[in-house]
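Results of the structural survey
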Amino acid sequence: MKPLKSLLMFSAAALAAGCQSDPQQQTQQNTQQPAPLLQIATFNQESPLVNLSYANAEGSIKNNELSVKFNNTNNTYTDISIEPKTAWDWSKFEDFNLAFDIANKGDRSTQIYLDITDGNGDNYTRSVSVPQGDFKTYYAKMKGHDLATPEGEDGVELNFTSGLRSNPDTWASNEIQFISLWGKKNLDLTSIKKIRISVQHALFNKQIQLKNIRLRANPKMDEAFLTNIVDEYGQNTKQEFVGKVSSDAQLIEEKNAERQGFIDHQPKDRSKFGGWASGPKLKATGYFRTEKVNGIWSLVDPEGYIFFSSGIANTRLSNTSTMTGYDFPKAAIEQKKSTDVTPEDSQGLNRVPNSAVPARFEASSTRKNMFTWLPDYDADLGKHYGYRRSAHSGPLKKGETYSFYSANLERKYGGEPGGFMKAWEQTTLDRMTSWGFTSFGNWVDPAFYSNEQVPYFANGWIVGDFKTVSSGNDFWSPMPDVFDPKFEERAMHTTSVIAEEVQNSPWCVGVFIDNEKSFGRSETIQAQYGIVIHTLKRDGADVPTKAEFTRLMKEKYASIDKLNKVWKKNVASWDDFNKGVDSTINSDAQVEDYSILLEAYATKYFSVVHKAVTKYLPNHMYMGARFPGWGMPKEAVKAAAKYADVMSYNSYKEGLHHKKWEFLKDVDMPSIIGEYHVGATDSGLYHPGLIHAANQEDRASMYEDYMNSVIDNPYFVGAHWFQYIDSPLTGRAYDGENYNVGFVSVTDTPYTPLIKSARKINESIYTRRYKNINK
C-alpha cells in the first residue's frame, strides 16, 4: 500500500462545533436531515492532518472531490484507506452515523466495501452498490437506535437481534444505508484507526467520487420500523415495486400469461439431456462423465454430447419458511433422531401435530409483530406452518415457522389436477427448459429426481453421532473427526440413502456431499491451520484425529527430541504429545508439518466420501464438498483433487477473476461453481445478498458478466446460481438470510430482466465456449 501526500483536512469550524456538541441534544434534530456532529474529512491539498493510501488504485482531487480509480482488471483487491494521525475518539457521541457523499461517473455500478477498524484490530464490514450517477448520501450507523423489547433484547437494530440479516431503515429519507455483512458491530469508539473503501474481485475497472465525510446525529428512531412490515403474500408492506402482487386473481392471471411464454421460448440445438446436439459426438457411456476436449474440460452427457451445466440451485421449499415469533413446549415437538441424514434447515416444513396447537405461545413479540397476517392452524392456508428445532443464528434458537411462498403456490396452483405441488413442479421444469438452463444445481427437491426433462445433481450430508474436531471458526458446524470409524459408517449410510433416491437414473449428473466445510481460512496462518492447532491440544485417547497426528509426527521424527528442536517445544515424550501439546506456531518448519497434518485430515475426509460414492453410486460422479471462497486451503484442494471427479467451489464475487483462479492450472481438474448470486434492494427485500447490483436491470447484466467469465474459463464445466426463490422478507428460519437472490419472488413471480439475460446466455453457451472446436 503506497502512502501519498495527505489529501484530507478537518474543517476547523465543524471540528470545534462537533467537539462542543451535547450528545443529549442529538435526538432533537430534524428526522429528515441528520445533524452534523463532526467533519471527518473534506478534500483539498493543504492539510497534513489525515493520510490517504491506496492499494492498486489511484486518486485525484478537484473542487474538493476525491476521484478514485480502482484497477480491478489486474487485481483482485483494490482500496483507499483513510487514517488519522492519531486515532479518532467518537465515544462522546451516543446516537450517530458516519456519512459519505458518493458519486459514480463510471460506466458500471460499483459495489464498495466499507471497513471501519478500531485500535484493538476489530473490524466491521458493510457494503453498498453505487449506481452510475451524481452524488448521493450513504451512511453507516455507528451507535444508538437501540430498541428494548419485552424479551429484553436490547440493541435490536445494530446487533440485528431481529433475526434479519439486514433491517428496514429506522428513519425515512432518500439516503442509502450501507448493508451489514460481517465483523464486530460494536467497535471501540474511543479508538477508530482506519476507514477503508475497497472494490474486490471485480471483472472491470471501477471508479467513484467522494466528498464530505462526516459524523451525524441519528434522527429520531421510528420505533415501529419492524412492525407490520409483511403482508399476507409475504411482501414488503411499506414499499412499492415492480411485480408486487395485490390479489389471488393477479397470481392466476400471471400464471396463465407465463405458460404462454413457455411455448414461445424453447432452446435450440440441444440433445435429449441438454448437451450440444450439433457438437462433436464423443463416447457414450449411458451416464454423465468428464473429458478434456481440445484443451477444454467438459462434461459429456449419457449420449456422448458435450454438456455444460448451467443451472439454479436450491430449488425446494426447505428454506422458504421464516420464524413467526411463536413456539411450543418441547414435549409437544418430535425431537431429532440419531439416524437422521438431513440437517434441520434442509428438511421440509415439519408442521407440528394438531395436538400441539393449543399449547402454542408467544416467544418473541418483535418477530410476531412483523406480520400483518398469519392464518389459523385449521384454515386452508394453515397447512404452510412449520417448525424448526434448531437455528444457526438469530434471536430464536427454535420455533414455529411459516412459508408464504408455499401458501402462494396454493393460491396460484391450488385448483389444478394433482394439487398445487405437482403443478409447481411441472411449472419449474418448464421454466428451466424455457429459460435455457441445462440442469438444476445442488439442493433440488428429491421430488425432481424422477423427472426426465432436466438433469439434476443429487445431494446429501454426513451427519450423526461421530466425534468432532474444530477449526476454531466452524462456520456452519463442527468438523467431523474423520478418523473416527463412526464417520465412515455414517458416510456409507448417507450415500446409500441417496442411491435409493436416485435409482441409478442417467438424469443424475453427479452427487454433492456436504457443503462449505471449515477446512481452514486464509486470513492468517493460525486460521488456515486451525484444525491442526486445536486438535493437537486434545487427548488422542479420546480424539482419533489427534491420535493420527501423533502417529504421523512420530513416524516422521522418531525421537521426540527431534520434534522439540524443530518446533521449539519441550514435550517430555510421545505419550505426553498425544495427551495434548502446546500448538503455538514457533517456526516455519512447524508450519510445514501442520500442512502435512491438514492434508492428511482432508485426504481422509475425501477418501472416505469417495469410497462411499463408489460403492453405492458407481455410475455417478462425486462432485466434492463445494469449497467456500473463505475456506479453500491448498492442502484441502489438493486432497479433494485426488478423489473428486469434479472440483466444486462456491464463489460469491462479481465473476471469476483470472488472478484468483490461476491455481487451476496446477490442479488441472474439471471444476464447477456450486453457488453465486447477485441481488438488489428495489425488490422490496432489505438485503440484496452478498453481491450487490444497483437494480434489477443491473442485476441481470451482472449475471451475464459472471456467466461469461465461467464459460470462457477452460477448467469450469458449469455454474449454479443460488437460488431459485428469494429469501423470506423477514429472513429464512435457519439464519435470517433475507436476500433478493431468487429467479422468482416470494409470490413465485419471475424477475423479467434476469429471465431475459438467462435466455441470452444459455442460448450461446456452447457456441461461445467451443467456438474453435471442429464439429
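Bear in mind the structure is a predicted one, so any value in this text is a computation, not a measurement.

1. Regarding the pairing of strand β17 (residues 296–300)
Along β17, five of the five residues are buried, which leaves the element largely enclosed by surrounding structure. Residues of β17 alternate between two faces, with I296, S298 and V300 on one and W297 and L299 on the opposite face, all of them buried. Of the pairings in the sheet, the one linking strand β16 (residues 289–293) to β17 comprises five bridges and is antiparallel in character. The residue of β17 that forms the bridge with T290 is L299.

2. So, unusual backbone geometry
In this structure, the amide linkage connecting F722 to the following residue, Q723, adopts the cis form with an omega of 25°. Tracing the sequence through the fold places Q723 in the loop between β34 (716–722) and α16 (752–763). Notably, H201 is not glycine yet its phi reads approximately 55°, a positive angle. Among the secondary structure elements, H201 is positioned in the loop between β14 (192–200) and β15 (206–217).

3. Things to note about the nonpolar core
Among the nonpolar cores identified, the biggest contains 160 residues, and F577, F627, Y649, I673, Y703 and F743 are the most heavily contacted of them. Sorting elements by how many residues they give to this core places helix α12 (residues 588–616) first, with 13 residues. Setting aside anything within four residues of it in sequence, one finds Y703 in contact with F437, Y676, W721, F743, L754, S757, A758, I761 and N762. Of all hydrophobic cores here, the second largest spans 44 residues; its members include I40, I61, I208 and I213.

4. Side note on the sheet that holds strand β29 (residues 508–513)
Read across the sheet, three strands follow the order β26-β29-β30 without closing on themselves; strand pairing throughout is parallel. Each of the sheet's edge strands pairs with one partner strand only, and the pair in question is β26 (456–460) and β30 (621–622). With five bridges joining them, β26 and β29 adopt parallel strand pairing. Within β29, the position partnered with G460 by the bridge is I513.

5. Quick look at the confidence of the model for the protein chain
Reading predicted coordinates in detail is not appropriate for stretches of low pLDDT. Predicted confidence across the protein chain gives a mean pLDDT of 92, with 93% of residues reaching 70 or more. Here residues 1–31 is modelled with pLDDT under 50, and outside its nearest four sequence neighbours on either side it reaches 76 contacts, counting other chains as well. Low pLDDT (under 50) marks residues 149–156, which in the prediction has 27 contacts with non-local residues, meaning those over four places away or in another chain.

Definitions and cut-offs
Residue positions are counted from 1 within each chain, in the order its sequence is given. Residue-level local features of this predicted model are given only where pLDDT is at least 70; pairs of side-chain atoms are given and counted only at 80 or more, and the full residue set underlies all totals for whole chains, interfaces and linings. Note that water and hydrogens are dropped before the side-chain values are worked out from all heavy atoms of the structure. Burial classification: accessible surface area is computed with a 1.4 Å probe over protein chains only, and a residue below 20% of its type maximum counts as buried, one above 50% as exposed, and the rest as partly exposed. Put simply, DSSP H or I for four residues or longer makes a helix, DSSP E for two residues or longer makes a strand, and each gets a number counted from the N terminus. In short, DSSP must find at least two bridges between two strands for them to pair. Within this scheme, the nonpolar core is defined by two criteria: the residues are buried Ala, Val, Leu, Ile, Met, Phe, Trp, Tyr or Cys, and they are joined through side-chain atoms within 4.5 Å. Here a residue-residue contact requires only that any non-hydrogen atoms of the pair lie within 4.5 Å. Values of pLDDT, ranging from 0 to 100, describe the predictor's confidence in every residue of the model.

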